[in-house]
Structure formats: structure tokens, C-alpha cells
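# Observations on the model geometry
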Amino acid sequence: MLDAIAHHGLNAKIMRVGNLSARQKDGEFQINFNTNNFLAMLRAYVIIGMMPYDALDQRFELSPIDEVAHAIMLLAQTPKDCTVFHPYNTHRQFMSDILTGIAEAGITLKRVEPEEFQRTLEGVMENPDLVPLLRPLMAYDMGTGHKTRWIESTNDYTTQVLYRLGFQWPPTSADYVHRFVDTIIGFDYFTV
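A short tour of the structure in this document, coming up. Just so you know, these numbers come straight off a predicted model, no measurement behind them. (Residues numbered from 1 in each chain as written. Predicted model: local features only at pLDDT ≥ 70, side-chain atom pairs only at ≥ 80, totals over all residues. Heavy atoms only, no water.)

Tracing the sequence through the fold places Asn19 in the loop between β1 (14–15) and β2 (20–21). Put simply, Asn19 and Phe38 are 19 residues apart on the chain and 7.0 Å apart in space, counted from C-alpha to C-alpha. Those residues in contact with Asn19, other than ones at most four positions away along the chain, are Asn36, Phe38, Glu61, Leu62 and Ser63. (Helix = DSSP H or I, 4+ residues; strand = E, 2+ residues; numbered from the N terminus. Contact = heavy atoms within 4.5 Å.)

Here it is as C-alpha cells:
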């Protein structure tokens, strides 16, 4: 795509969005939430019934879809030589905060040492009906001895452009997380 933009006159922008989540305005979520990888990861933890302590301090961005759409519309109006953007929320939420929202909605996950989580995950994976639902966690050690790491990214350039266009990401409040979780639970997403 970059080649077509640079050498063949394609008038396009590349928008690499983040973790699309419920609208900021009212908490409504995308109709195809079943394909959302972040939600699939949460559901995998719910199926197992636990989360390792070392996952609690992972930080995630939740990019409200209405805010992402607004940011994209603004970025689409930038000069032609500005082609690649990363419109995702600059505010991060700890997994432990997201779990608090899930717990307040009635779903409690046991917090365990990584070794106990690994043993339990391997046991649950013996059920072939659950394996497809556990795929988002497949990179977790799985006895290989390799520790997984989250790849950090930055959207500083895009954020600076958005500031100049009068846009700023709203902070991810506890209320937003609760509305987001309540909406997903309302769809029985975590029920297996």
C-alpha cells in the first residue's frame, strides 16, 4: 500500500487502530464483538476461572469506537504525505482494573501464581471443545520455558497530529469499564 501511495498516485491513509471497544457515548459495543481479540482473551480467563498474578499489571488501551471514528475522520484530512497513523487511546487501563469491573458484574477470577495458572490451563486444554476458546492464551508459556512479553507500541506522532486537529482521547474511567463489561455480559459472552 505504501508503494502504491508513493509511486502510483494512490490517495490513501493507513490507519492502524488499537483495541476497539464500546462507544464512549453510551457503552454500546460492536455487533461483531465475538471477533474482538481482547474480549476473547478475557473470556479465556473466565473459562479457566483464574488469572496469573503476573498478568494483572498488563496495561491495555480501550479505544471507544465513536472516538476512533472521529479521530480517523480528522486524520483523513491531513496532507497527502502524511500516510500512516495509529489512532488508538493514549490512556491505559491495568488488567487488574478491568477485572474489578468484571467482578462487580458478578464474575470473579481467582488470582494465582503463574505456575498454578499454567497447570490449570494445560488441564482445561484437555477438553477439545474448549481449546478454540483458549487460543488467545496459547502463547502463555505452555511448558516451553519461554516467557511471553507484551510488545509495547507508541502512537506519539498520531497523538501530536490529533492535538493539532483539536482532538484528545478521553480518559478511560472506571465507569466506562463497568459499562463496557456490563454490555458484554448482557450478551452472555462469558457463558460457555
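This part takes up the packing of helix α4 (residues 95–104) against helix α8 (residues 174–186). In contact at an axis separation of 9 Å, α4 and α8 are set at 55° when each is read in the N-to-C sense. In this view, α4 runs oblique relative to α8, as classed from their interaxial angle. As for how α4 packs across α8, the hand of that crossing is right-handed. Of the residues in α8, those touching α4 at Asp97, Ile98, Gly101, Ile102 and Glu104 are Val177, His178 and Val181. Along the lines of polarity and charge, the residues of the contact of α4 with α8 split into four nonpolar, two polar and two charged. (Axes fitted to C-alpha atoms, helices over the stretch in contact; angles between N-to-C directions. Parallel < 35°, antiparallel > 145°, perpendicular 65-115°, else oblique. Left-handed = near helix turned anticlockwise from the far one by under 90°. Nonpolar A, V, L, I, M, F, W, Y, C, P; charged D, E, K, R; others polar.)

Let's shift gears to the pattern of salt bridges. Applying the stated criterion to the full structure yields two salt bridges. Note that Lys110 is salt-bridged to Glu116, the shortest N-O span being 3.2 Å. In this structure, Asp175 engages Arg179 in a salt bridge whose closest nitrogen and oxygen atoms are separated by 3.3 Å. Taken as a pair, Asp175 and Arg179 lie in helix α8 at a separation of four residues, close to a single helical turn. You can call Asp175 partly exposed: its relative accessible area is 46%. Residue classification places Arg179 among the partly exposed residues on the basis of a relative accessible area of 23%. (Salt bridge = Lys/Arg side-chain N within 4 Å of Asp/Glu carboxyl O. Buried < 20%, exposed > 50% of the residue type's maximum accessible area, 1.4 Å probe, protein only.)

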